[in-house]
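Architecture at a glance
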Amino acid sequence: MSTPLNRMPVQATVNGEPRVFLANPGQVLAEVLRDELELTGTKIGCNTGDCGACSVLLNGRLVCSCLVLAAEAEGQSVQTVEGVAEGGVLHPVQQKLLEHGGLQCGVCTPGVVIAAKALLDTNPDPTEEQVRYWLAGNLCRCTGYDKIVRAVLDAAGELRGGSAS
Amino acid sequence: MNAQQEFQFVGSRSIRPDGLDKVTGRARYGADLNMQGQIYGHIVRSPHAHALITHIDCSEALAMQGVLAVMTGADLPEPGNRVLGSGEGAIALRDLSPMVMSQGKVLFHSQPVAAVAATTPELAARAAAAVTVTYETLPVVTDMHQALTDGAPILHDDRFPDGQPKEPTNLAAHITAQVGEPDVAFEGADVVVERTYSVPMCHQGYIEPQACVARMDGAGQVDVWCCTQGHFTVRGYTAAVTGIDEGNIRVTPSEIGGGFGGKTTVYLEPVAIILSKKSGRPVKMVMDRGDVFRSTGPAPGAETRVKLGATRAGKLVAAEVDCLLDSGAYNGNPAGIPAFLATACYKLTDARSTGRSVYTNRPKIHAYRAPSMPQATLAFELVINELAAAIDMDPIEFRLLNAVEEGDITMMGSRYNRIGLRECLEAARDHPHYQSALETGTGRGVAAGYWINAGLQSSATLNVTGDGHVAVLTGSPDIGGSRASMALMAAEVLGIPLERIHPQVVATDAVGHCDVTGGSRTTLATGQAVIQAAEQLVAELCRRAATDWQVEPESVTWSGGAAHHEDKSMDFEALARRAGSMGGPLTVSSSLTSASAAPAFGVHLCDAEVDKETGRTTVTRYTAIQDAGKAIHPDYVEGQMQGGAVQGIGWALNEEYLYDDQGVLQNPGFLDYRIPVASDLPRIDTVIVEVANPLHPFGVRGVGEVPIVPPMAAVAQAVFNAANIRVMDLPLNPPKLAKALMSSETS
């Protein structure tokens, strides 16, 4: 039996750039991002949508890229962790995670960055409870979430132009 | 807080040097590297939990186009009686090798029995399914109590824990320690409490599955890239499992996505190497999440009986501990910890403690943060609380009356040096959390915890560039921010700006041997190697300045990043720039077996409420207090405390391995094996106590493991107090608590 060659071309905007890649019909977006586009910042912790390490924004909406078929990205816009810092300037979520020590091993961090950015894009002034429920889909085994939550609240404050909350 | 030394850099909250790569997605973990020409390995796993392998037929798989190699246990050497490592870290090859691939017999479901390598992952998976393995199934036992009954299926008919070749049993080890005369001493107790609590098997739950790429070239040289807590250990274990000379193997560590003890061994690496040897191609292997749960080493389930006696005045007079632990299919050596350490927080001159471990048809257990200590501590600390209540004494005051301090003798016969349990208890007692009134419907729990901590072998190399920067190279994988700590310690000795220090974790051939990042030892022992190397560098710089100035080296001092003699000084940058003409490149190395390990203690406070209808527990407030000796980087000390506390909360309330009667794990994924998520938790407050470790140049104690020791008892006590019930087996999940609440209402 030979390797199937039924790969299809997919055109999408990835981190603001037009990209074309080949994908098997059954292949998930996470795999293609990592293996075809070499965007390995998107992590695969479970492949079942339970850990959130593969979180990306699809047309601005937070999704687990292990639950999205690569073909579904056709004509869509995908943002991964590699596209969050603009022109070398870190997003406040990234900066505050660094300042608060909101990461240890760091493997959940890309997903946390994407998820937190998605939250702050739509809710610039979340309560701690809202942050905790929004991030409930991003498993972190190292930090106990404390410093992550503080970092996200602090980033929200900075984005609002005020002082840290 | 009594760290005696004044520090310039140490103790500050610097931005970690690897942080930028980690928040931008550039950091490369185990599955993020690809080698040119690589193919993909896939493991064939046993569908049975206990069976003899009668035949393996790989011919159909090997005939598939694109399948380049197959292997079975026959490709690995017989383990024999070889033992790797020594002391606490010793492991018999016969307990290690079958976790990589079985030879003739499978003892747990999903145990590897063969592997294939093919040009795509999909093809490798299909080829694995085409391998035909014929089994003769055997009866299964997954419950450790059943495993000890007469007539239970025997996993190893060639192992005799007492050394006496008689009828084989499933008892893997039986260790007893005793001091004084506990049976006599119990007669002097006014109050005796005896309880038996059990804890389920659980998993470390690191988010990154095991992954590696390995390549053997035509000359037999092996390159491995993998995520591990110790690449020198990967090298040694892999050599032993495959029979390849250790010297022919180089291991480069990737960033590591969590380990907690679970990544201090090998599963995939030997397989990838053999497949590479057979195919002539690099082989990449990434474990599936389900296989991580089913086939890597979890933490042992345990049942612990604790009997304690005290006087009305609050003095502990005697203790008896009996801890039974599930070792899984092979010997994971969990029994010694409860036997020797269960009583470690308290002055007890009369105590007996027993640890026993049992073989069952589950994966061999492996280290998980202070291995076996939380299981024993749950029962011990709950009985301490019950004793305190029985004599109407505050549980922290009761502990203060009995807490070990400098000079006390442990069950192992060693003497405590300066330790900080008393300071932690006082900090807990005085904390606003403990002083606050309880909200209606909530309960409060307190528990203490101990961990021994390790020293072991570490090395560091410092290379200075011509413009005065320093690469700090170690062989200790950084899981929780240790590179930041290494940089701070090097800066402290050298007196140069932190921005000029570049800590890196490098391959096995680029720095001296380092044991695993485990045992809470990295900042302590590898830090000590960094400090020593930096001191050597300073000495060399002073010698060079002395030569230049034509003065005695002893008359040159080093401060503020410069050499000084009377009114002359020469700074680090100038010495680095002139290195070529002043004695050659500046490079120093230091290696040591650290004798600086010191025990650490923590005290945790938990408030919780229990929904009377659903049985769901909410932790409403949590405070972790711990003696760090000296917190080199407080953020990452607090992070260890918070992360360990939350793992303990998860173990107390939810986490549990569930097997069916055929030994198949029923919850091998994060949906059904539920670890705590952000919305389950309150903030985890921390108090770092600093009672300097007198054996360490900067006063460091290990911090990584203690935080998982107290939580289960603290949480359980809070639940018991909130709901006015007592449940003897964890986890305290909603169905179990709802049932307990219902029966307490009807009774």
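Here, residues in each chain are numbered from 1, in the same order as that chain's written sequence. The lettering of chains begins at A and the numbering of ligands begins at 1, in the order of writing. In keeping with the predicted nature of the model, local features appear solely for residues at pLDDT of at least 70, side-chain atom pairs appear and are counted solely at 80 or more, and the whole-chain, interface and lining totals rest on all residues.

Thoughts on the overall build of chain A
Inclusion rule: By the criteria applied, helices consist of DSSP H or I runs no shorter than four residues and strands consist of E runs no shorter than two, each listed in order from the N terminus. In this description, a residue-residue contact is defined by the distance between C-beta atoms placed from the backbone, which must lie within 7 Å.
Summing up its helical and strand segments, chain A has five helices and five strands in all. The principal-axis extents of the C-alpha atoms in chain A amount to approximately 60 × 30 × 25 Å. The contacts of chain A with a sequence gap of at least 6 include a subset with a gap of at least 24, amounting to 57%.

As for the overall build of chain B
Just so we agree on the cut-off: Exposure classes come from backbone-placed C-beta atoms, where a residue is buried if 20 or more other C-beta atoms lie within 10 Å of its own, exposed if 12 or fewer do, and partly exposed in between.
Secondary structure assignment for chain B yields 20 helices and 28 strands. Summarising its shape, the C-alpha atoms of chain B cover approximately 90 × 75 × 50 Å along the three principal directions. Going through the 747 residues of chain B one by one, you find that 61% of them count as buried. A fraction of 81% describes how many contacts in chain B between residues 6 or more apart in sequence connect residues 24 or more apart.

A short note on the domain arrangement of chain B
Residues and elements named next belong to chain B. Heads up, the condition is: In this entry, domain limits derive from an automatic or database-based domain assignment. Each residue gets one of three labels, nonpolar for Ala, Val, Leu, Ile, Met, Phe, Trp, Tyr, Cys and Pro, charged for Asp, Glu, Lys and Arg, and polar for the others, Gly among them.
Domain annotation of chain B identifies domain 1 (19–26 + 455–594), domain 2 (33–138 + 208–257 + 263–295) and domain 3 (302–453 + 598–746). Every contact between the two is made by 13 residues of domain 1 and, on the other side, 13 residues of domain 2. Its residues assigned to classes, the side of domain 1 that touches domain 2 comprises six nonpolar, five polar and two charged.

Here we look at the nonpolar core
Residue and element names in this part refer to chain B. Note the threshold: Note on terminology: a nonpolar core is any set of buried Ala, Val, Leu, Ile, Met, Phe, Trp, Tyr and Cys residues joined through C-beta atoms within 7 Å.
In this structure, Val-116, Val-271, Ala-490, Val-715 and Ala-716 are the most contacted members of the largest nonpolar core, which totals 306 residues. Ranked by residue count, the leading element in this core is helix α16 (residues 522–549), at 12 residues. Those residues within four positions of Val-715 in sequence are excluded, and the remaining contacts are Gly-445, Cys-606, Ala-608, Val-619, Ile-649, Ala-652 and Leu-653.

Details of the sheet that holds strand β1 (residues 8–14) of chain A
Residue and element names in this part refer to chain A. As a reminder of what qualifies: In this description, strands pair whenever DSSP reports at least two bridges between them. Between N-to-C directions, angles cover 0 to 180 degrees, with each direction set by a line fitted to C-alpha atoms, over the stretch in contact for helices.
The strand order across the open sheet built from five strands is β2-β1-β5-β3-β4, with neighbouring strands paired in mixed fashion. The sheet terminates laterally at β2 (17–23) and β4 (61–64), the two strands that pair on one side only. Strand-to-strand twist in this sheet, taken as the mean axis angle between neighbours without regard to direction, amounts to 40°. The sheet contacts of helix α3 (residues 109–122) involve β3 (55–58) and β4, and relative to β3 the element is tilted by about 40°.

Concerning the sheet that holds strand β16 (residues 316–328) of chain B
One key point about sheets: their strands pair by backbone hydrogen bonds, in either a parallel or an antiparallel sense. Residues and elements named next belong to chain B. Spatial ordering of the open sheet is given by β9-β17-β16-β15-β10, a layout of five strands whose pairing is mixed. A strand with exactly one partner marks an edge of an open sheet, and here the two such strands are β9 (171–179) and β10 (191–199). When the angles between neighbouring strand axes are averaged without regard to direction, this sheet yields 5°. Pairing of strand β15 (residues 302–310) with β16 involves nine bridges; the strand directions are antiparallel. Opposite Gly-309, over in β16, you have Ala-318 as the bridge partner.

Side note on the environment of B:His366
Positionally, B:His366 belongs in the loop between β17 (351–359) and α11 (373–390). Here the alpha-carbon distance between B:His366 and B:His203, two residues 163 residues apart in the chain, equals 9.3 Å.

Digging into the interface of chain A and chain B
Between chain A and chain B, the contact holds 46 residues from the first and 47 residues from the second. Of all the secondary structure elements, the ones that give two or more residues to the side of chain A that touches chain B are α2 (92–100), α3, α4 (128–134) and α5 (146–159) of chain A. By residue number, the principal contributor to the side of chain A that touches chain B is α2(A), which donates four residues. Grouping the amino acids of the side of chain A that touches chain B by side-chain chemistry returns 23 nonpolar, 15 polar and eight charged.

Some points on the packing of helix α18 (residues 634–653) of chain B against helix α19 (residues 711–723) of chain B
All names here are of chain B. Note the cut-off: Here the angle decides the label: under 35 degrees means roughly parallel, over 145 means roughly antiparallel, 65 to 115 means roughly perpendicular, and every other value means oblique. Whether a crossing is left-handed or right-handed is set by the direction in which the near helix is turned from the far one by less than a right angle, anticlockwise for left-handed and clockwise for right-handed.
Orientation of α18 relative to α19, taken along the N-to-C sense of each, is 55°, at an axis distance of 8 Å. The angle between α18 and α19 falls in the class oblique. Of the two possible hands of crossing, α18 and α19 adopt the one that is right-handed. Contact residues: Ala-645, Gly-648, Ile-649, Trp-651, Ala-652 and Leu-653 in α18; Pro-711, Met-712, Val-715 and Ala-716 in α19. Considered class by class, the residues forming the contact of α18 with α19 number nine nonpolar, one polar and no charged.

Quick notes on helix α12 (residues 395–402) of chain B
All names here are of chain B. This is how it is decided: Arc definition: it is the arc formed by the directions from the helix axis to the C-beta atoms.
Inspection of α12 places Pro-395, Ile-396, Phe-398, Arg-399 and Asn-402 among the buried residues, and these make up the whole buried set. For α12, the angular spread of buried residues about the axis comes to 160°, placing them on one side. Check the buried side of α12 and you find it contacts β16, α11, α13 (421–430) and β18 (442–451).

Notes on the confidence of the model for chain B
Condition: As a per-residue quantity, pLDDT reports the predictor's confidence and falls between 0 and 100.
Averaged over every residue, the pLDDT of chain B is 96; residues scoring 70 or more account for 98%. Predicted as a complex, the structure gets a pTM of 0.97 and an ipTM equal to 0.97.

Re α11(B)
Counted only if it meets this: A helix is expected to span 1.5 Å multiplied by its residue count minus one.
Along its 18 residues, α11(B) runs 25 Å from first to last C-alpha, staying within 8% of the 26 Å computed at 1.5 Å per residue. In the stretch just after α11(B), B:Asp392 is the one whose phi turns positive, near 60°.

Focus on the pairing of strand β13 (residues 249–253) of chain B
All names here are of chain B. Definition in use: The crossover handedness rule: strands pointing away from the viewer, path from first strand over the helix to second strand clockwise, crossover right-handed.
Only one face of β13 is covered, namely the face carrying Ile-249, Val-251 and Pro-253; the face carrying Arg-250 and Thr-252 is uncovered. Sheet analysis places strand β12 (residues 222–226) next to β13, joined by five bridges and oriented parallel. If you follow Asp-223 over to β13, its bridge partner there is Arg-250. Once the chain exits β12 it traverses helix α7 (residues 231–242) before rejoining the sheet at β13, and the crossover so formed is right-handed.

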